[in-house]
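# Coordinate inspection notes
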Amino acid sequence: MRGFLDSWYFGLFVPAKGFTEFAPLFGRWSLLIHADENEPVLSNATADELRSIEAAIDQLRVELHFPE
């Protein structure tokens with residue numbers, strides 16, 4: 001881990017083979033989170049799609065583990 005801010009953690013991510021199944025979901029999230037970065041306000045369409053993707057990610061029940 002390189003750092004954190006509130007619920008956001010920052011660090012190097014090296015996906016294992018099992019991540020392939022989930023990569024499209026996180027890829028869409030990543031594209032959308034930066035979609036309106038040059039606009040002062042997130043568009044309703046982007047916010048709606050992000051909400052949908054984040055709900056799907058929440059349903060995965062992922063956990064963050066720190067190597068010892």
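Let me sum up the structure you'll find in this document. Remember, predicted model here, so these are calculated numbers, not experimental data. Along each chain, residue indices are assigned from 1 in the same order as the chain's sequence is written. Only residues with pLDDT of at least 70 get local features here, since the model is predicted, and only at 80 or more are side-chain atom pairs given and counted; chain-wide, interface and lining totals rely on the full set of residues. Neither water nor hydrogens contribute to the side-chain values; these are computed over all heavy atoms in the structure.

### Observations regarding the pattern of salt bridges
- Take a side-chain nitrogen of Lys or Arg and a carboxyl oxygen of Asp or Glu: if they are within 4 Å of each other, that pair is a salt bridge. In this structure the tally under the stated criterion is two salt bridges.
- Between Glu49 and Arg28 there is a salt bridge, with its nearest N and O atoms 2.9 Å apart. Of this pair, Glu49 sits in helix α2 (residues 44-59) while Arg28 is found in helix α1 (residues 23-33), placing the two residues 21 residues apart along the sequence.
- Relative accessibility decides the category of a residue: with a 1.4 Å probe and only protein chains considered, values under 20% of the type maximum give buried, values over 50% give exposed, and everything between is partly exposed. The class of Glu49 is partly exposed, set by a relative accessible area of 31%. Only DSSP runs of H or I with at least four residues qualify as helices, and only runs of E with at least two residues qualify as strands; both kinds are numbered from the N terminus onward.

### Looking at α1
- Considered for burial, the residues of α1 that qualify are Leu25, Trp29 and Leu32. Down the axis of α1, the buried side of the element spans an arc of 70°, and every buried residue falls inside it. Turned more than 90 degrees away from the buried face of α1 sit Pro24 and Leu31, all of them exposed.
- The secondary structure elements touched by the buried residues of α1 are β2 (8-10) and α2. Taking the helix axis as origin, the arc is that swept by the directions to the C-beta atoms. We call two residues in contact whenever any of their non-hydrogen atoms come within 4.5 Å of each other.

### Observations concerning the nonpolar core
- Within the largest apolar cluster, six residues are counted, these being Leu25, Trp29, Leu32, Leu50, Ile53 and Ile57.
- Secondary structure elements with two or more residues in this core: α1 and α2.
- Residues within four places of Leu25 in sequence aside, it is in contact with Ile53, Ala56, Ile57 and Leu60. By convention a nonpolar core is built from buried Ala, Val, Leu, Ile, Met, Phe, Trp, Tyr and Cys residues, the set being connected through side-chain atoms within 4.5 Å.

### Observations concerning the packing of aromatic side chains
- Note on aromatic contacts: the rings of Phe and Tyr and the six-membered ring of Trp form a pair at centre separations within 6.5 Å, being stacked when their planes are under 30 degrees apart, edge-to-face when over 60 apart, and tilted otherwise. The full count for this structure, using the stated rule, is three aromatic pairs.
- A centroid spacing of 5.8 Å and a plane angle of 35° characterise the contact between Trp8 and Trp29, whose relative ring orientation is tilted. Residue Trp8 is located in strand β2, and its partner Trp29 is located in helix α1; the two are separated by 21 residues in the primary sequence.
- When the centroid spacing of 5.1 Å and the interplanar angle of 70° are considered together, the rings of Phe13 and Phe19 count as edge-to-face.

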